[in-house]
Amino acid sequence: MKPSIPKGTRDFSPIEMVKRNYIFDTIRDVFKKFGFLPIETPSMENSATLMGKYGEEGDKLIFKILNSGDFLKEADQELLANKDSKRVTSSISEKALKYDLTVPFARYVVMHQNEITFPFKRYQIQPVWRADRPQKGRYREFYQCDADVIGSNSLLNEVELIMLIDEVFTKLGVKVKILFNNRKILSGIAEEIGAPDKFHDLVYSLDVNDKLGAFGVSQEMTKRDFSIEQIEKVDDYIRKVNNKAPESFRSFSELFKNSANGQRGFEELNSVMNNFGQYDFNGVLSQENKIKLFNKLEIDISLARGLEYYTGAIFEVKVEDDRSSFTSSICGGGRYDDLTGIFGLPNMSGVGISFGADRIYDVLEEANLFPKDAEATTKLLIVDYANDIPLALSILKQVHDANISAELYPDETKKFAKQMDYAEARRIPFVVILSKSNSNEVELKDIRSGKRETISLSELVDFIK
RNA sequence: GUGAUUGUAGCUCAGUUGGUUAGAGCGCCUGAUUGUGGUUCAGGAGGUCGCGGGUUCGAGCCCCGUCUUUCACCCCA
């Protein structure tokens, strides 16, 4: 049979793994620095844990796992006879692959609440699965790197997460734009125009602001049967936000006369943004005391995010780098006030962000931002050693003891040319040709320059280092 | 989920309006040559043309189905 792997999944070669690990290590280091602690959860969860948390679209993208044994006997025979796939699923599948790391985390918090010290800061780097159709930057199995703080209402957590995002992308060398919004503003607008029941239609309409501007939003709202007064009111909001001037944004709050939700959303947004040097809405803090970010931080009122559980802050990060054409978001997150409530632990607000490692990989690859030394693993190869294997092994031991990665060519019977090809293919920078060496001096070749020289064994370690 | 797109040797690709034993470059293997792998020369292995069905005297080229690739929409990391 011809070997293959499922659609949307990938194998990773050693070269790719070294680069992937570079991303994971960078993100993990920043997570640790900010005080987050690691956990892991299983690949699969009970379907009931996952279903209903991601909205209608999200639920459809959850991979279900078939029950074991004679599952058709256990199934609802009537639904089975009617070939009602959608409804019969729940009777033949009780488990599912996890769709993100946030919901399993909420489940974890509830199950381990007695052992956790709150506020709890955890990070988690694991694969998740989505039954999406693959395309650019979209895979069916991909890694998320999450950091969440749960059990704290403080908006300083939002501030810290923005600092964390800025630091990660600064370390990776990618220029990005951090978009920030608050879901309360969105529901505030819905309330203000008297259409809280059309929240989703409003969000979808606002979404086109990004591409088509205020006029596009009006058009979209017309399509979705909003009244002229409603459209005009929203248009007012949009224009105030699209105009990036602080005084324009300040006047924004005056628009929420009838919505406490909207007013609060504005205050939350304001109090977070005010910590950063790029914004100065009310001029309270002097510029010197504000945090300077390497990347851009912007308010984007159209930012809604599909995940249903967000209730406050919403983050999204997009690449803004000439060297990359990547347009989809590479990091996102937000605040969820009651994710644990459904599992029986109310009043536990959390906020977190999720880095899309695979998309970040694509960006770094496209923009050529991987450090070059990320490719070399072994520093030294010993070749042509068949005549004196004990000497070869003793040199190997000495180099290893100096904490340098080195190896023997794995087959002493192969031709010299083969052994040199191996060094080149593996990008090993140095080769010791043992047939021309003795217990005092070794013949060392630098593969990149092609130069050979004889140096003493004691110098070897320092030379390679 | 909707609409396109791709699939020929290990890799990158040719293959004309359907017509005899399906090609190239690189790579790989063998031998020779070369004062020290990387040069040059000679030879060689390797493909049921994604899979299944159909049309035809005859299909890599046409039709249907299916899987896969890539992309847009939707949604999202």
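Residues numbered from 1 in each chain as written. Chains lettered and ligands numbered in written order. Predicted model: local features only at pLDDT ≥ 70, side-chain atom pairs only at ≥ 80, totals over all residues. Heavy atoms only, no water.

A. Representation of the packing of helix α9 (residues 183-192) against helix α14 (residues 260-273) in the model. Where α9 meets α14, the closest approach of the two axes is 7 Å, and the angle between their N-to-C directions is 150°. Put simply, α9 runs roughly antiparallel to α14. Between α9 and α14 the crossing geometry is left-handed. Here α9 contributes K184, I185, S187, G188 and E191 to the contact with α14, which in turn contributes N261, G262, R264, G265, F266, E268 and L269. Split into classes, the residues belonging to the contact of α9 with α14 amount to three nonpolar, five polar and four charged. (Axes fitted to C-alpha atoms, helices over the stretch in contact; angles between N-to-C directions. Helix = DSSP H or I, 4+ residues; strand = E, 2+ residues; numbered from the N terminus. Parallel < 35°, antiparallel > 145°, perpendicular 65-115°, else oblique. Left-handed = near helix turned anticlockwise from the far one by under 90°. Contact = heavy atoms within 4.5 Å. Nonpolar A, V, L, I, M, F, W, Y, C, P; charged D, E, K, R; others polar.)

B. Inspection of the environment of L369 at higher detail. Within the fold, L369 resides in the loop between α15 (357-366) and β12 (380-383). As for L369 and S458, which are separated by 89 residues in sequence, their C-alpha atoms are 37 Å apart. If we skip the residues at most four places from it in the chain, L369 touches L172, G173, V174, R323 and L364.

C. Looking closely at the sheet that holds strand β3 (residues 64-65). Pairing in this open sheet of three strands is antiparallel, and the strands run β2-β4-β3 from one edge to the other. Edge positions in the open sheet fall to β2 (44-46) and β3, since each of these has one partner strand only. With three bridges joining them, β2 and strand β4 (residues 95-97) adopt antiparallel strand pairing. For N46, the partnering residue across the bridge sits in β4 and is K95. (Pairing = 2+ DSSP bridges.)

D. Summary view of the confidence of the model for chain A. Here chain A averages 87 in pLDDT, and 95% of its residues register 70 or above. When mean pLDDT is compared element by element in chain A, strand β1 (residues 37-38) scores highest at 98, while helix α13 (residues 246-250) scores lowest at 68. Here the prediction assigns the complex a pTM of 0.90, and the interface score ipTM is 0.84. (pLDDT = per-residue confidence, 0-100.)

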